[in-house]
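Chain by chain, the residues run as shown.
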Amino acid sequence: MTLIIAWDRPGDAKAVEQACRAAVAVKLGLPLVIQTRGRAVYDARRMCDGMVIADLKLADIGATMKSIVDSIPGVDGVIAHAFVGVEGALDELKEHLDSKGVGLYLLVSMSHPGSRDVIDQAIDRLFDVAEKVDPLGLVAPATRPGIVRMARDRFPDKVIISPGVGAQGARPGDALCAGANYEIVGRAITRSGNPLERALEIRRMQEVALRYCR
Ligand code: BMP
């Protein structure tokens, strides 16, 4: 399975419950985590069989990131920004998550055009950070497959997860063809009339794309 469902709004619970049958994981957005005061973690566990990743977009000193993580128990993975750097930040977070058996995903580039303003200009330095921290995986944008390809070339063994498919314009399979392991899809599924059917359709489109690009 190559699909991760992005669940960002409490009102999308029913859609997520249906669609997650076709997905390997559910990524919980920060608005959802805040609005449900963390209860979405338990709801996702109850509704879906796959992994639960909290997209907390951590970007702070180590002590604060650790305390944020501790306030959202029960997840399999969390997402943090690579740009905060290693010493006193991601080194402490990684050690803390390792002790809890929670996977770290480092975000090295974003799917919106403004990522080019600052983040993408420092992509090599962000890759250096990722190399030092040694996370379980990386977040890289499906909307810019060239960056996914760079990430895959530099990190042959990391799990790469890619948002931006559907509502943000990337096509199913664009990031997979560039080397991502999973594509993250939210609104294109949660706002469709038949979320499970749409998720299965996206998976079929991924398979077709992979057949032609590999
Ligand atoms: P959608 O498929 O509805 O555009 O949702 C994408 C999800 O991925 C949202 O939860 C968004 O916050 C997240 N995301 C993103 O779109 N771009 C990034 O660079 C990083 C993200 O986590």
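Whatever comes next refers back to the structure up there.
Cut-offs applied
- Residues numbered from 1 in each chain as written.
- Predicted model: local features only at pLDDT ≥ 70, side-chain atom pairs only at ≥ 80, totals over all residues.
- Heavy atoms only, no water.
- Near = heavy atom within 4 Å.
- Polar contact = N/O pair within 3.5 Å; in protein donor to acceptor, adjacent residues only side chain to side chain.
- Areas by Shrake-Rupley, 256 points an atom, 1.4 Å probe, with all protein chains shown as cover.
- Nonpolar A, V, L, I, M, F, W, Y, C, P; charged D, E, K, R; others polar.
- Buried < 20%, exposed > 50% of the residue type's maximum accessible area, 1.4 Å probe, protein only.
- Helix = DSSP H or I, 4+ residues; strand = E, 2+ residues; numbered from the N terminus.
- Pairing = 2+ DSSP bridges.
- Right-handed = clockwise from strand over helix to strand, strands pointing away.

J.: I tried to follow the site of the ligand on my own but got confused; where do I start?
T.: As a matter of local geometry, the ligand sits amid 14 residues, with Asp8, Ser111, Gln168, Gly186 and Arg187 nearest to it. Within the side chain of serine 111, one N or O atom sits 2.6 Å away from a nitrogen atom of the ligand. Glycine 186 places a polar main-chain atom, nitrogen or oxygen, 2.8 Å from an oxygen atom of the ligand. When isolated, the ligand has an accessible area of 470 Å², and the protein chains bury 89% of it. Residues of the shell around the ligand, tallied by class, amount to six nonpolar, three polar and five charged.

J.: What is the right way to look at the pairing of strand S7 (residues 159-163) in this model?
T.: Regular strands place their side chains on alternate faces of the sheet. In terms of residue burial, S7 counts as a mostly covered element, since four of its five residues are buried. Two strands pair when backbone bridges link them, and strand S6 (residues 137-139) and S7 are joined in this way by three bridges, in the parallel orientation. When the bridges of S7 are listed, leucine 138 appears paired with isoleucine 160. For the segment spanning S6, helix H7 (residues 145-154) and S7, crossover handedness is right-handed. In terms of strand pairing, S7 meets strand S8 (residues 182-185) through three bridges, oriented parallel. Residue pairing for S8: serine 162 is matched across the bridge by glutamate 183.

J.: Quick question: what am I supposed to make of the pairing of strand S1 (residues 3-7) here?
T.: The buried fraction of S1 is high, at five of five residues. Where S1 and S8 come together, three bridges link them in parallel fashion. Bridging across to S8, isoleucine 4 finds its partner in isoleucine 184. For S1 and strand S2 (residues 25-28), the ladder comprises four bridges, and the chain directions are parallel.

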